[in-house]
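For reference, the chains in residue letters:
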Amino acid sequence: MCAAEARPARVAMLGGTFDPVHMGHLRSAVELREALELDRVHMVPARVPPHRATPGVSAERRAALLALGIGDTPGLAVDDREITRDGPSYSADTLASLREELGPQARLVMALGHDAYLNLAEWHEPQRLFDLAHIVVIDRPDHDRPLAPALQELVAGREVSDVETLMQAPAGSLLALRLPTRMAISATSIRERLRRGDSIRYLVPEAVERDLLARGLYA
Ligand code: ATP
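Calculation rules
Residues numbered from 1 in each chain as written. Predicted model: local features only at pLDDT ≥ 70, side-chain atom pairs only at ≥ 80, totals over all residues. Heavy atoms only, no water. Near = heavy atom within 4 Å. Polar contact = N/O pair within 3.5 Å; in protein donor to acceptor, adjacent residues only side chain to side chain. Areas by Shrake-Rupley, 256 points an atom, 1.4 Å probe, with all protein chains shown as cover. Helix = DSSP H or I, 4+ residues; strand = E, 2+ residues; numbered from the N terminus. Nonpolar A, V, L, I, M, F, W, Y, C, P; charged D, E, K, R; others polar. Salt bridge = Lys/Arg side-chain N within 4 Å of Asp/Glu carboxyl O. Buried < 20%, exposed > 50% of the residue type's maximum accessible area, 1.4 Å probe, protein only. Core = buried A, V, L, I, M, F, W, Y, C linked by side-chain atoms within 4.5 Å. Contact = heavy atoms within 4.5 Å. Pairing = 2+ DSSP bridges. 1 Å grid on protein atoms, 1.4 Å probe; cavity = no way out; pocket = protein on both sides within 12 Å on 5 of 7 lines; lining within 4 Å. Points joined across faces, edges and corners; volume = space filled by probe spheres on them.

### Details of the site of the ligand
Thinking step 1. Around the ligand, a shell composed of 20 residues is seen, among which Arg 52, Asp 115, Met 183, Ala 187 and Thr 188 lie nearest.
Thinking step 2. Within the contact set of the ligand, an oxygen atom lies 2.9 Å away from a side-chain nitrogen or oxygen of Arg 140.
Thinking step 3. Met 183 is positioned such that a nitrogen or oxygen atom in its backbone is 2.9 Å from a nitrogen atom of the ligand.
Thinking step 4. If the ligand stood free it would expose 600 Å²; the protein chains cover 91% of that surface.
Thinking step 5. Taken together, the elements giving at least two residues each to the shell around the ligand come down to strand S1 (10–16), helix H2 (23–36), strand S4 (107–113), helix H6 (114–117) and helix H10 (187–196).
Thinking step 6. Tallied by class, the residues present in the shell around the ligand amount to 6 nonpolar, 10 polar and 4 charged.

The structure is reproduced here in structure tokens:
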């Protein structure tokens with residue numbers, strides 16, 4: 001077997017509400033894939049986000065916008081497993097189903113922005129997340145609050161400082177990553193702009209902008 005064949009698969013999930021998808025999500029996914037040399041990034045829209053109000057736009061429509069945004073980008077894919085599953089969209093369950101598909105040796109990563117990471121200790125079964133995957137925290141402008149004690153306890157002893165060390169095991173470590181392009185774009189700001197009738201050009205992919213405007217979403 002040659003070395004390339006022997007390398008375990010490397011897959012990440014980037015979950016979110018994607019309400020709607022924007023360049024911050026997409027550029028982060030592309031740069032995450034490059035930084036970790038991933039085979040794929042599964043972008044997983046939540047059907048019922050456990051930690052926030054139910055979005056006004058259906059999960060199916062948010063997933064369709066995400067697919068438009070991804071277009072033909074290599075290595076990025078919409079993964080609709082949380083939409084087709086009943087009940088709240090717990091990331092631990094999503095990672096368990098990915099782990100079952102990929103096998104025990106695959107390097108599985110749950111990626112999330114620093115803002116989402118700050119609440120990780122309050123998620124459903126946070127310890128189980130580390131049994132199933134590594135966690136990679138993406139630095140995000142304007143989000144640098146200190147870690148709460150419960151989060152410090154959860155991640156104690158798990159932090160590694162580089163990708164090579166992270167990829168030595170299938171799961172269980174934490175890596176903080178500063179990607180080359182940091183974007184101060186949020187879905188909240190996109191929704192506010194649409195409500196006011198302001199331009200969202202270059203904040204979301206053109207196909208997403210066209211579809212949002214044609215359907216009058218978030219207006
Ligand atoms: P909202 O403004 O509605 O809270 P959001 O822009 O944070 O939404 P989500 O769908 O909640 O978007 O985000 C999904 C994931 O992508 C989260 O882990 C979030 O931290 C991350 N993320 C969102 N925007 C960015 C960005 N500009 N840069 C890096 N990561 C981001």
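### Observations regarding the pattern of salt bridges
Think of it this way: side chains of opposite charge can pair up when their charged atoms draw near.
Thinking step 1. Applying the stated criterion to the full structure yields 15 salt bridges.
Thinking step 2. Its salt-bridge partner being Asp 19, residue Arg 191 comes within 3.7 Å of it at the nearest N-O pair. Linking Arg 191 in helix H10 with Asp 19 in the loop between S1 and H2, this pair joins segments that are 172 residues apart in sequence. This pair shows no difference in class: Arg 191 is buried, exactly as Asp 19 is.
Thinking step 3. Across the pair Arg 128 and Asp 93 runs a salt bridge whose closest N-O atoms are separated by 3.3 Å. A residue pair is termed long-range when its members are at least 10 positions apart, and Arg 128 in helix H7 (residues 126–132) and Asp 93 in helix H5 (residues 91–102) qualify at 35 residues.
Thinking step 4. Within this structure, Arg 7, Glu 37 and Asp 39 form a network of salt bridges that share partners.

### Focus: unusual backbone geometry
Thinking step 1. Note the cis peptide between Asp 19 and Pro 20, where omega equals 0°.
Thinking step 2. Within the secondary structure layout, Pro 20 lies in the loop between S1 and H2.
Thinking step 3. Phi at Tyr 202 takes a positive value of approximately 70°, unusual for a residue other than glycine.
Thinking step 4. Note on placement: Tyr 202 falls in the loop between H10 and helix H11 (206–215).
Thinking step 5. Residue Tyr 218 is not a glycine yet carries a positive backbone phi of 65°.
Thinking step 6. Looking at where Tyr 218 falls in the secondary structure, it is placed in the segment after H11.

### Remarks on the nonpolar core
Thinking step 1. Judged by nonpolar contacts, the single largest core of 36 residues is most densely connected at Leu 32, Leu 36, Val 41 and Met 43.
Thinking step 2. Excluding its chain neighbours within four sequence positions, the residues that come into contact with Leu 36 are Arg 10, Val 109, Val 136, Val 163, Leu 166, Met 167, Leu 175 and Leu 177.
Thinking step 3. By size, the runner-up hydrophobic cluster in this structure holds 22 residues, among which are Leu 112, Leu 129, Leu 132 and Ala 133.

### Considerations on the pairing of S4
Thinking step 1. Judged by how many residues are buried, S4 sits mostly within the fold: 7 of 7 residues are covered.
Thinking step 2. A two-sided burial pattern is seen for S4, the buried positions comprising Arg 107, Val 109, Ala 111 and Gly 113 on one face and Leu 108, Met 110 and Leu 112 on the other.
Thinking step 3. Pairing geometry for S1 and S4, over 5 bridges, is parallel. Each bridged residue has a counterpart across the sheet, and for Val 11 the counterpart in S4 is Leu 108.
Thinking step 4. Note: S4 against strand S5 (residues 134–138), 5 bridges, orientation parallel. Its bridge partner lying in S5, Val 109 is registered against His 134.

### A closer look at H11
Thinking step 1. Residues Val 208, Glu 209, Asp 211 and Leu 212 constitute the buried set of H11.
Thinking step 2. Taken together, the buried residues of H11 touch helix H3 (59–70) and H10.
Thinking step 3. Just past H11, the residue Gly 216 takes up positive phi, approximately 65°.

### Observations concerning the layout of surface pockets
Thinking step 1. Space inside the largest pocket adds up to approximately 1100 Å³.
Thinking step 2. Counted by class, the lining of the largest pocket contains 20 nonpolar, 17 polar and 8 charged residues.

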